[in-house]
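A look at the structure
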Amino acid sequence: MSILEDGYFTLEEVLALPGCPSPEAMRGRRVAVVECGHELPCNPCETACKAGALTVGTPITNVPKIDAACCDGCGICMVDCPGLAIFILDLTRDDGRAELWLPHEFLPLPEMGEAVLLCDRAGSVVGEGQVTKVRQAKRFDRTAVVQVLVPEELAMTARAIALRR
Amino acid sequence: MKQAEIVVVGAGPAGLSAAAAAAQAGAQVLVIDENAEPGGQLFKQIHKFFGASEHRAGQRGVDIGHELLEEVEGLGVDVVLDASVWGIYDGSTVAVASQEYSWRVKADRIVLATGATENGLSFRGWTLPGVMGAGCAQTMMNVHRVLPGQRVVMVGSGNVGLIVAYQLLQAGAEVVAVVDALPRVGGYPVHAAKIARAGVPIYTSYSVKEADGDECVEKVTIWRVDDRWQGVPGSEIELDADTVTLAVGLSPMAELAWVAGCRFLHIPELGGHVPVHSAYMETTVPGIYVAGDVSGVEEASCAMEEGRLAGLWAASAAGRLSVAAAVAAAAPHEASLARLRSGPFGAAARGGKLAMDGRRDEAWGQTLTRGGA
């Protein structure tokens, strides 16, 4: 099965995307993981990135490519992506957990400190995480940024949260 | 009889864009729409649009609608609502029915931006309350704030199906399944990924077999379809659902072009019968232009660019803009359209518009069976 048949990428497919930083780059710093791979006519991520880390170029249907060395993990591309296909990942912690930033558009929003269920790309619950921050800003245009601590081994697996309540 | 330099029928993304472009060129523009509110489908589009910054990518459709409306109002365009255009005579007299009276307006140029209608799908139980178009569900939720159902089966995985499924989740419904008879997801994979990670199963190569219930939908049965579109007995899956939303394509709402005597071609990639039009968006009836879904079903971003082109060329034909000035003003919109239609997801529209150019003579040669010029 592929995303075109069941709607979601496998981890292997994500790792092979030009928008996915190498495992080494992910270890080194907080970075964006761009899970976009289908030649859509779209480039707000490139426009959003002031660090020049994301390239779409010409034609506009190029799949976004990341230069992880330039990415400072600010997350502006994440809130500007109309496909909600960008996630920010911080694997630099040394407590066995990673911080994951998710674009989130469901109400009610989780609360700071709340324990939430973690879902993978297929929507299956794979574990539990703890919300560290929920950010909203005019610049985000009603897409909230939910920051959640997840077990490190789920950093590239968890892609959504579900509330327990 | 009322007079208007340019009458635009339809106040959606294409019509408002056409009105803005024409008014900017100095034309006196009258926009007529049968709905109580302008904006067409834009105010239901609460998601962020795709494209580049020139297409207002990243902005939500509803906000683009407000901006367009402000632009049109600022240019002094007259927008008449709650009024249905029901006929066009001699290529220039537009017949309108308002709530309490009928009236006519003589137009130098006419832009048809009437949009499209949702296709239906028949299956046993399809007349039960609870079966509706995806656009209908979207109107209920995003305009009238009414949740159409609690447990929804979405039929069709094109962008409309995927986006409305996501909006149903946002509104608090459960989407039990998205089914598509095609073996592949039709819309943007990123839209599919959004609902997949929210737990919505997507069944490709599946269709609705039947909907059951006494007075409304209580159960929906889906089944696999083979490569000849036949249901496979034994593959049935019963779903506990109270709503079926149909997102199985759109057809250009081209009745006014028919009655005006425009020539048509059947181009499946564009949604069915479309009025033949030139790169200037002019139909085969001189002075009548088309823009947006009526000229071939595409994304709203494309409708806005086509609207700008139709408005520019109509204003130019009305003497408000030299051809050279119109060519220059049209160029960025043409380039922008080409960008929106690039890549695999633009192939249908690209191919469809090309096919129209290639078959232009065929349209002139055919015997008119509807309308009549």
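Residues numbered from 1 in each chain as written. Chains lettered and ligands numbered in written order. Predicted model: local features only at pLDDT ≥ 70, side-chain atom pairs only at ≥ 80, totals over all residues. Heavy atoms only, no water.

A look at the sheet that holds strand β15 (residues 243-246) of chain B
All names here are of chain B. Stated formally: Any two strands between which DSSP finds at least two bridges are classified as paired. Numbering of helices and strands starts at the N terminus; helices are DSSP runs of H or I of at least 4 residues and strands are runs of E of at least 2. A fitted line through C-alpha atoms serves as each axis, taken over the contacting stretch for helices, and the angle formed by two N-to-C directions is quoted from 0 to 180°. Here, residues are in contact when the closest pair of their heavy atoms is within 4.5 Å.
Across the sheet, which stays open at both edges, the 5 strands sit in the order β8-β15-β9-β10-β11 with parallel pairing between neighbours. Every other strand in the sheet has two partners, leaving β8 (131-133) and β11 (202-204) as the edge strands with one partner each. Ignoring strand direction, the axes of neighbouring strands in this sheet form an average angle of 20°. In this sheet, strand β10 (residues 174-180) lies alongside strand β9 (residues 151-155) in parallel orientation, the contact comprising 5 bridges. Paired with valine 155 across the bridge in β10 is valine 179. Contacts from helix α4 (residues 159-171) reach β9, β10 and β15 within the one sheet, and its direction differs from that of β9 by about 170°.

A few points about helix α7 (residues 300-317) of chain B
Residues and elements named next belong to chain B. The criterion, for reference: Helices are assigned an expected span. That span is 1.5 Å times one less than the residue count. Note on classification: 1.4 Å probe, protein chains only; a residue is buried when its accessible area is under 20% of the maximum for its type, exposed when over 50%, partly exposed between these limits.
Taking 1.5 Å of rise per residue, 18 residues should cover 26 Å, and α7 covers 25 Å from first to last C-alpha, within 8% of that figure. Burial runs high along α7: 16 of the 18 residues are buried. Taken from the residues just after α7, glycine 319 is the one with a positive phi, measuring 90°.

With respect to the sheet that holds strand β8 (residues 144-151) of chain A
Residues and elements named next belong to chain A. Overall, antiparallel pairing links the 7 strands, which are arranged β1-β4-β5-β8-β7-β6-β9 in an open sheet. Both edges of this open sheet fall to β1 (31-34) and β9 (160-162), since each of them pairs with a single strand only. With strand direction ignored, the average angle separating the axes of adjacent strands in the sheet is 40°.

Quick notes on the pairing of β15 of chain B
Residue and element names in this part refer to chain B. A two-sided burial pattern is seen for β15, the buried positions comprising Thr243 and Thr245 on one face and Val244 and Leu246 on the other. When β8 meets β15, the two strands line up parallel, connected through 3 bridges. Residue pairing for β15: glycine 133 is matched across the bridge by leucine 246. Pairing analysis gives 4 bridges linking β9 to β15, with the strands arranged parallel. The partner of valine 153 across the bridge, within β15, is valine 244.

Quick word on the domain arrangement of chain B
All names here are of chain B. Selection rule: Residue ranges labeled as domains rest on an automatic or database domain assignment. Once two parts are joined, some of their accessible surface, as seen by a 1.4 Å probe, is lost; buried area is that loss totalled over both. Definition of a polar contact: a pair of N or O atoms within 3.5 Å, with one able to donate and the other able to accept a hydrogen when the atoms are protein atoms, and with sequence-neighbouring residues admitted only if both atoms are side-chain atoms. Any residue that is not Ala, Val, Leu, Ile, Met, Phe, Trp, Tyr, Cys, Pro, Asp, Glu, Lys or Arg is counted as polar, Gly included; the first ten are nonpolar and the last four charged.
Taken domain by domain, chain B comprises domain 1 (2-117 + 250-365) and domain 2 (121-246). Summarising the inter-unit geometry, the C-alpha centres of domain 1 and domain 2 are found 31 Å apart. For the pair domain 1 and domain 2, the summed buried area comes to about 990 Å², and 64% of that belongs to carbon and sulfur atoms. When residues of domain 1 are sorted by the area they lose upon contact with domain 2, Lys44, Phe50 and Phe345 head the list and together hold 56% of the total. In this assembly, domain 1 and domain 2 are joined by 7 residue pairs in polar contact (both at pLDDT 80 or more). Partitioning the side of domain 1 that touches domain 2 into residue classes produces 3 nonpolar, 2 polar and 2 charged.

Things to note about the packing of α4 of chain B against helix α5 (residues 189-196) of chain B
All names here are of chain B. Worth spelling out the cut-off: Small angles under 35 degrees read as roughly parallel and large ones over 145 as roughly antiparallel, with 65 to 115 read as roughly perpendicular and the rest as oblique. Crossing handedness is defined as follows: a turn of the near helix away from the far one that is anticlockwise and smaller than a right angle gives a left-handed crossing, while the clockwise case is right-handed.
The geometry of α4 relative to α5 is characterised by a closest axis approach of 9 Å and an angle of 30° between their N-to-C directions. Judged by the angle between their axes, α4 and α5 are roughly parallel. Between α4 and α5 lies a crossing whose hand is left-handed. Residue-level inspection shows Asn159, Leu162, Ile163, Ala165, Tyr166 and Leu169 of α4 in contact with α5, the latter providing His191, Ala192, Lys194 and Ile195.

Quick word on the packing of helix α3 (residues 134-142) of chain B against α4 of chain B
Residue and element names in this part refer to chain B. Two numbers describe how α3 lies on α4: the axes approach to 10 Å, and their chain directions differ by 30°. Classified by the interaxial angle, the pair formed by α3 and α4 is roughly parallel. The chirality of how α3 crosses α4 is left-handed. Contact residues: α3 offers Ala134, Gln138, Met141 and Asn142, while α4 offers Val160, Val164, Gln167, Leu168 and Ala171.

Some thoughts on the environment of alanine 122 of chain A
Assignment of secondary structure puts alanine 122 of chain A in the loop between β6 (115-119) and β7 (125-135). When the C-alpha positions of alanine 122 of chain A and aspartate 6 of chain A are compared, they lie 8.5 Å apart, and in sequence the two are 116 residues distant. Here alanine 122 of chain A is in contact with Tyr8 of chain A together with Ala196, Arg197 and Gly199 of chain B, once residues within four sequence places are set aside.

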